[in-house]
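Letter by letter, the chains look like this.
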Amino acid sequence: MSSKSISPWAWIPTLYFAQGIPYFIVNTVSVMMFTKLGVPNGEMAFFTSLLYLPWMIKPFWSPFVDIFKTKRWWIMAMQILMSAAFAAVAFSLPHPSAEVMASGSTDVSMFAVTLILFWITAFASATHDIAADGFYMLALKPGVQAEMIGWRSVFYRLSNVFCNSALIAIPGIIYDWTKEQGNESMPFGWQVTIGVIAAIFILMAIWHLFFTPRPDSDKPNEDINAKKIIADFGQAFSTFFKKPALWVAILFMLLYRLPEGFLMKMIYPFLLGTRETGGLGLTMQELGVVYGAIGVIFLLLGGILGGFYISRVGLKKAFWWMALAMTLPCLSFVYLSMFLPTNMVYIAIAIAIEQFGYGFGFTAYMMYMMYFSEGEFKTSHYAICTSFMALSMILPGLVAGYIQEAIGYENFFWMVISCSIATFIVTFLARRVVNANYGKK
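Residues numbered from 1 in each chain as written. Predicted model: local features only at pLDDT ≥ 70, side-chain atom pairs only at ≥ 80, totals over all residues. Heavy atoms only, no water.

1. Looking at the packing of helix H12 (residues 258-272) against helix H16 (residues 344-373)
- Two numbers describe how H12 lies on H16: the axes approach to 13 Å, and their chain directions differ by 155°. By the angle between their directions, the pair H12 and H16 is classed as roughly antiparallel. Classified by chirality, the crossing of H16 by H12 is left-handed. Together, Glu260, Leu263, Met264, Ile267 and Leu271 of H12 and Ile351, Glu354, Gln355 and Tyr358 of H16 make up the contact between the two elements.
- For the contact of H12 with H16, the residue count by class is 6 nonpolar, 1 polar and 2 charged. (Axes fitted to C-alpha atoms, helices over the stretch in contact; angles between N-to-C directions. Helix = DSSP H or I, 4+ residues; strand = E, 2+ residues; numbered from the N terminus. Parallel < 35°, antiparallel > 145°, perpendicular 65-115°, else oblique. Left-handed = near helix turned anticlockwise from the far one by under 90°. Contact = heavy atoms within 4.5 Å. Nonpolar A, V, L, I, M, F, W, Y, C, P; charged D, E, K, R; others polar.)

Below, the structure is given as structure tokens:
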């Protein structure tokens, strides 16, 4: 098939669906998996937070994707590598005893190979992100890029819904089936689940081999070399740290989401944990509905309305409402941990409120990063900002599990609320330096 005859609809939906899957597998589904396999919250949160590191540092190697091979080659190579890594996880996943898993005392060292394979997947996924976004701009004319940009976001977000709803129901269904057969096995369910992902990626790679175009512009950039890249990035890096109100920006990027940074690592253990340990005791199927489907829908709705609100009043006027939306809905989890409701409607409403608030409040964070990045090195400076954004999730995640183990879920969620003080302080500081009309349509 000629490249010119390949419709964008033949590859953009699958490419961006594939872009999202490994991100959500490594950063969210892995949390559920290790929780259900009995890894203590402290070790689970610490090691899964480290898995986020490749997305934090990807700006440092993204320029090298331009000078080695084509973007299409990188896409295919990374999809094949991720297929192999997922398959290896499926075949090598350990089987702790049912008693050890039930007690929540599974030694994380059992999963050393699994964590290494997830690290490989994370680096491959971050590289795939770089190549896919670059390929999108090379393979499409500007008018088509504008036409398809909303759709690529839709299919990326659909991968979130898929991973956090349909996919995580698989281990629960298989566990129930093995239990009926008198040979219950939670690890087997997760092996099948990761195996399904490996199969999907193999099919994706085959599809993209035949149905992604080969634009003439997709070729190694021979006008630049590694030495020039390092020099240019060094200049961009140094100018970033000379920007006005730098420390306000850094504090804002690190602390605005502090409550959510702690909360996100403990949501799944809390929702899946037994009532004896202070959790809600949801099944994987129930979690997929209330958090993976309903929660994600309200998260997206909050983001859409947040963008609309800023476009009407500007970032400066919207800031305080966004900060309140980012923090106060965390009280939903205080309520859940205090009363441990069994009614799924109440649980779903609480999660919907928290996710909507986060989606609405997060819009201000993204807009502020764009505002701070304005200038000569806008693209590079925004990439550096995204590294701070990733760091803002890694740092609280490293200690969240240990804190929860020490003080329990209810006190932990009250601690999350107390972190709102940091959010309000940095909002006050950032709001003072933002242009009054920035973001206003």
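2. Describing the packing of aromatic side chains
- What the rule picks out here adds up to 41 aromatic pairs.
- Considering the side-chain rings of Tyr335 and Phe339, the 5.5 Å spacing of their centres and the 40° angle between planes classify their relative orientation as tilted. Within this pair, Tyr335 and its partner Phe339 are both found in helix H15 (residues 331-339), separated by 4 residues, close to a single helical turn.
- Over the ring of Trp73 we find Lys69; its NZ or CZ atom is 5.6 Å from the centre of that ring. (Phe/Tyr/Trp six-rings, centres within 6.5 Å; stacked < 30°, edge-to-face > 60°. Lys NZ or Arg CZ within 6 Å of the ring centre and 35° of its normal.)

3. Quick word on the side chain of Gln191
- With respect to the secondary-structure elements, Gln191 resides in helix H9 (residues 186-211).
- Judged by its relative accessible area of 17%, Gln191 is buried. (Buried < 20%, exposed > 50% of the residue type's maximum accessible area, 1.4 Å probe, protein only.)

4. Re the layout of surface pockets
- Reported here for the second largest pocket is a volume of approximately 910 Å³.
- What lines the second largest pocket is a set of 35 residues, and nearest its centre among them are Thr35, Lys36, Met101, Leu272 and Thr274.
- Elements with a minimum of two residues in the lining of the second largest pocket: helix H1 (12-36), helix H6 (98-103), helix H8 (142-180), H9, H12, helix H13 (284-313) and helix H17 (378-418).
- Partitioned by chemical class, the residues of the lining of the second largest pocket number 14 nonpolar, 17 polar and 4 charged. (1 Å grid on protein atoms, 1.4 Å probe; cavity = no way out; pocket = protein on both sides within 12 Å on 5 of 7 lines; lining within 4 Å. Points joined across faces, edges and corners; volume = space filled by probe spheres on them.)

5. Side note on helix H18 (residues 420-433)
- With 14 residues, H18 ought to run about 20 Å at 1.5 Å a step, and its terminal C-alpha atoms sit 21 Å apart, in line with that.
- Buried within H18 we find Ser420, Ala422, Thr423, Val426, Thr427 and Ala430. For H18, the angular spread of the buried residues around the axis is 140°, confining them to a single face. Facing away from the buried side of H18 by over 90 degrees, the exposed positions are Ile421 and Arg432. (Expected span 1.5 Å × (residues − 1). Arc of directions from axis to C-beta.)

6. Let's talk about the side chain of Ser373
- One can find Ser373 in helix H16.
- Residue classification places Ser373 among the buried residues on the basis of a relative accessible area of 1%.
- A polar side-chain atom of Ser373 sits 2.7 Å from the main-chain carbonyl oxygen of Met369.
- Looking at Ser373, its side chain comes within polar contact range of the main-chain nitrogen of Tyr382, at 3.4 Å.
- Those residues in contact with Ser373 that sit more than four places away from it in its chain are Lys243, Lys378, His381, Tyr382 and Cys385. (Polar contact = N/O pair within 3.5 Å; in protein donor to acceptor, adjacent residues only side chain to side chain.)

7. Notes on unusual backbone geometry
- The residue Ala245 is not glycine, and still its phi comes out positive at about 55°.
- Its location among the elements puts Ala245 in the loop between helix H10 (226-240) and helix H11 (246-255).
- The exposure class assigned to Ala245 is partly exposed, which follows from its relative accessible area of 34%.

8. Notes on the packing of helix H3 (residues 53-61) against helix H7 (residues 112-139)
- In contact at an axis separation of 9 Å, H3 and H7 are set at 45° when each is read in the N-to-C sense. With respect to H7, the axis of H3 lies oblique. Note that H3 runs across H7; the crossing there is right-handed. Residue-level contacts link Leu53, Pro54, Trp55, Ile57, Lys58 and Trp61 of H3 to Trp119, Ala122, Phe123, Ser125, Ala126, Thr127, Asp129 and Ile130 of H7.
- Its residues assigned to classes, the contact of H3 with H7 comprises 10 nonpolar, 2 polar and 2 charged.

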